[in-house]
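# Tertiary structure, described
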Amino acid sequence: MKTYYITTPIYYVNDVPHIGHAYTSVACDMIARFMRLDGYAVKFLTGTDEHGKKVATAADASGIAPQDFVNRVSQNFQELLIAMNFSCDGFIRTTHANHITAAQALWEKISDNGYIYLDTYAGWYAVRDEAFYLEADLVDGKAPTGAEVEWLEELSYFFALSKWQKPLLDFYETHPNFIAPLSRRNEVMNFVKSGLRDFSISRTSFSWGIPVPGDPAHVMYVWFDALTNYISAAGYPDIEGERFYNVWPADLHMVGKDILRFHAVYWPAMLMSAGLSPPKKVFAHGFWTNAGHKMSKSLGNGVDPFALIEKYGVDPVRYFMLSEIPFGHDGDFLHQSMVNRLNSNLSNDLGNLVQRSLSMIAVNCGNQLPVFGALTAEDNTLLDQANKLIDIVRPLIVGTQALHKYCAEIWNVVRAANQYVDYQAPWALKRTDPARMQTVLYVLAETLRCVGILLQPVMPASACKILDALSVPQDKRSFSSLSVLDALTPGTYFPDPEPIFPRMIDEVADA
Ligand code: MSP
């Protein structure tokens, strides 16, 4: 079985999760579920980034020892996984012993290869971003992100990034799909072309981090530690045998645009210095704002994913996030947009289609899928559209990660099916031509089968309800069953249909 290794960034545990965090993970979950249904052995990794000054400061502020603090906050992210129905196969915490061993082993390897040296760092640092800045980067005395900066002057180990400028540019040239979307690739390439500086990878002024091997007065820079998670979860430094190379290089690191540089410049250079291959792809998605404002801890305006799930249900929340904005672009979160989209796409389009098709089968055919007669051009057009959907959406997941287009393509079929019902009017055929009514209802059920199977990565529980309502056996729900060979069998018993997507009340938007 082919493997597919996909990762989320590991989340800082300085604060509770907001929808920005849920977003990176829901995108990965959709892709992971798609790949599993498409026949891959998927490894889907997520976790928490628990060291560094930012987390240490948050622990300090709450008066709790750092380890107890990170245990508690990491738990919130693990609860989010369950609430959002994420199908991760691994949850890594950077305070775990195996990760610490891996980060130290990677350090030693890079050091043995001559890419780490000791010097003095003097420059600006933003704790909020956990990033170093040059004097020239500052805007009105702050980081370009708006974060406060502090002056640092300390003995530090450095990573010789400057030696990797040419190899990185060569790598980007020979791997044109390594950074996506294309606009981000251009940005990164221009950054690397403008020259790379060695960067500081250890700190002595605080201790909440992984000790540097052979020099425990230093702890590792949190990004050196954090990036290593992607290989520590794959078994590094144990790279003998199959386990490691079964999954490494990772197929996809999904990240927000704010952390692309760490993943597309620092990380491949670190890996190459250790003699390891870079990941196959890094995709940088956009940012959500809350009613036009950047979500931040200081403004306390992060949209709470748990509250959204409570109000709207997990599948509608997933569907909204995945379909509302072109994946890769920024978007604004508004309750009203959510209510509108859920009412129009879920309740009106899909919900009605399922409800009216299945009720007609229940009422007119005694809960049994009817036999069909000769198929008309309209029947074949709709069935073809449903059968060919997988070939249209696969490249959107595997190639371009155009997750919103995946949803849009499914909805094209849903809308076509609704037009088909309106035009065929099976309720009228019941009197005039009952055999034709049966054919129309069969075509609708079969279309819904394809829609249900393809909806599983987006709305797993609702798709499952649709497939249950069509009595599709569990072992016929993967993409290999999208073929006409696994089409529904006339005579199959269907349970009484139940509404799947209730209409959202608009007042919810004002709550
Ligand atoms: N700990 C680092 C990642 C280390 S990976 C080796 C980190 N953590 S984070 O918690 O700040 O962010 C995690 C993810 O959430 C990133 O992909 C980030 O882009 C994403 N988001 C945080 N806020 C966001 C929005 N407002 N909108 C969309 N995604 C956002 O960075």
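Here is a short report on the structure shown in this document.

## Quick look at helix 17 (residues 434-455)
Here helix 17 contains 22 residues, and its C-alpha end-to-end distance of 31 Å stays within 8% of the 32 Å for a straight helix at 1.5 Å per residue. Burial runs high along helix 17: 19 of the 22 residues are buried.

## Focus on the environment of H96
Structurally, the position occupied by H96 is in the loop between strand 4 (90-93) and helix 4 (97-112). Taking the C-alpha atoms as reference points, H96 and E50, 46 residues apart in sequence, are found 9.7 Å from one another.

## Here we look at the sheet that holds strand 10 (residues 202-203)
Taken in spatial order, the three strands make up an open sheet running 10-12-11, and their pairing is antiparallel. Looking at the sheet topology across the chains shown, the edges are occupied by strand 10 and strand 11 (211-212). Bridge count between strand 10 and strand 12 (residues 215-220): two bridges; the pairing is antiparallel. When the bridges of strand 12 are listed, R203 appears paired with V219. Against the sheet, helix 4 contacts strand 10, strand 11 and strand 12, and its axis sits at roughly 105 degrees relative to strand 12.

## Things to note about the site of the ligand
Around the ligand, the surrounding shell holds 24 residues, and the nearest of these are I10, D49, G256, D258 and W288. With respect to the ligand, the side chain of D49 contributes an N or O atom lying 2.7 Å from a nitrogen atom. Contact distances for the ligand include 2.9 Å between an oxygen atom and a backbone N or O atom of G256. The set of elements that each furnish at least two residues to the shell around the ligand consists of strand 2 (11-12), helix 1 (19-37), helix 7 (222-227), helix 8 (229-232) and strand 13 (252-256). Of the residues that constitute the shell around the ligand, the class distribution is 13 nonpolar, nine polar and two charged.

## Examining the nonpolar core
Side chains of nonpolar character tend, in soluble globular proteins, to be buried together. Residues L350, Y406 and L455 are the most contacted members of the largest nonpolar core, which totals 100 residues. Here the element with the most residues in this core is helix 17; it accounts for 13 residues. With residues up to four places along the chain from it excluded, the contact list for L455 reads L350, I410, W411, A463 and I466.

## Points about the environment of M459
As for its placement among the helices and strands, M459 is situated in the loop between helix 17 and helix 18 (460-469). Sequence separation between M459 and E187 is 272 residues, and the spatial gap between their C-alpha atoms is 34 Å.

## Regarding the pairing of strand 12
Sheet topology note: the strand 11/strand 12 ladder contains two bridges and is antiparallel. If you follow V212 over to strand 12, its bridge partner there is D215. Taking the residues between adjacent antiparallel strands as the criterion, strand 11 and strand 12 are bridged by two residues, where G214 takes a positive phi near 80 degrees.

## Looking at the pattern of salt bridges
Using the criterion set out here, one finds 22 salt bridges in the structure. When the shortest N-O distance is used, the salt bridge between R33 and D29 registers 2.8 Å. Remark: D29 and R33 occur in helix 1; sequence separation between them is four residues, near one turn of the helix. Of the two residues, R33 and D29, both sit in the buried class. Between R449 and E446 there is a salt bridge whose closest N-O contact spans 3.0 Å. With R449 and E446 both in helix 17 and three residues apart, this pair spans about one turn of that helix. Considered together, R449 and E446 belong to a single accessibility category, that of buried residues.

## Describing the sheet that holds strand 16 (residues 293-294)
Strands sit in the order 16-15-17 across an open sheet of three strands; the sheet is mixed. Sheet topology places strand 16 and strand 17 (331-333) at the edges, where each strand pairs with a single neighbour. Here strand 15 (residues 288-290) runs beside strand 17; their pairing, made up of three bridges, is parallel. Pairing of T289 across the sheet is with D332, part of strand 17.

## So, the side chain of D129
Here D129 lies in the loop between strand 5 (116-126) and strand 6 (131-133). Given a relative accessible area of 16%, D129 falls into the buried group. Non-local contacts of D129, meaning those with residues more than four positions away in its chain, are made with Y12, A143, T145, A147 and W223.

## Examining the packing of aromatic side chains
According to the stated counting rule, one finds 35 aromatic pairs in the structure shown. Ring geometry for Y5 against W248: centres 6.2 Å apart, planes inclined by 70 degrees, an arrangement best described as edge-to-face. In this pair, Y5 sits in strand 1 (residues 3-7) while W248 sits in the loop between helix 9 (242-247) and strand 13, placing the two residues 243 residues apart along the sequence. Taking the relative accessible area as the measure of exposure, Y5 reaches 0% and is therefore buried. A relative accessible area of 2% places W248 in the buried class. Here the aromatic cluster, defined as three or more aromatic residues joined through ring pairs, consists of Y117, Y121, Y125, F132, F158, F159, F199, Y221, W223, F262 and Y266. Across the ring face of F191, the terminal group of R261 is positioned such that the distance to the ring centre comes to 3.6 Å.

## So, the packing of helix 12 (residues 314-324) against helix 13 (residues 335-364)
Following both chains from N to C, one finds helix 12 and helix 13 inclined at 100 degrees, their axes separated by 10 Å at the closest point. Compared by their axis directions, helix 12 and helix 13 come out roughly perpendicular. Counted together, P316, V317, Y319, F320, S323 and E324 of helix 12 and S337, M338, R341, L342, N345 and L346 of helix 13 form the full contact between these two elements. Here the contact of helix 12 with helix 13 is built from residues that sort into seven nonpolar, three polar and two charged.

## Notes on the side chain of D49
Inspection of the secondary structure puts D49 in strand 3 (residues 41-49). Look past the residues within four positions of D49 in its chain and what remains in contact with it is I10, Y11, Y12, V13, V55, T94, V222 and A226.

## Some thoughts on the layout of surface pockets
Roughly 260 Å³ of volume is contained in the second largest pocket. In terms of lining residues, the second largest pocket is bounded by 17 residues, among which A180, P181, L182, F283 and T400 are the most central. Elements represented by at least two residues in the lining of the second largest pocket include exactly strand 8 (179-180) and helix 6 (182-193). Ranked by residues supplied to the lining of the second largest pocket, first place goes to helix 6 with three residues. When its residues are assigned to classes, the lining of the second largest pocket shows eight nonpolar, seven polar and two charged.

Procedures and definitions
Residues numbered from 1 in each chain as written. Predicted model: local features only at pLDDT ≥ 70, side-chain atom pairs only at ≥ 80, totals over all residues. Heavy atoms only, no water. Helix = DSSP H or I, 4+ residues; strand = E, 2+ residues; numbered from the N terminus. Expected span 1.5 Å × (residues − 1). Buried < 20%, exposed > 50% of the residue type's maximum accessible area, 1.4 Å probe, protein only. Pairing = 2+ DSSP bridges. Contact = heavy atoms within 4.5 Å. Axes fitted to C-alpha atoms, helices over the stretch in contact; angles between N-to-C directions. Near = heavy atom within 4 Å. Polar contact = N/O pair within 3.5 Å; in protein donor to acceptor, adjacent residues only side chain to side chain. Nonpolar A, V, L, I, M, F, W, Y, C, P; charged D, E, K, R; others polar. Core = buried A, V, L, I, M, F, W, Y, C linked by side-chain atoms within 4.5 Å. Salt bridge = Lys/Arg side-chain N within 4 Å of Asp/Glu carboxyl O. Phe/Tyr/Trp six-rings, centres within 6.5 Å; stacked < 30°, edge-to-face > 60°. Lys NZ or Arg CZ within 6 Å of the ring centre and 35° of its normal. Parallel < 35°, antiparallel > 145°, perpendicular 65-115°, else oblique. 1 Å grid on protein atoms, 1.4 Å probe; cavity = no way out; pocket = protein on both sides within 12 Å on 5 of 7 lines; lining within 4 Å. Points joined across faces, edges and corners; volume = space filled by probe spheres on them.

Any functional reading would require information beyond the geometric quantities listed.
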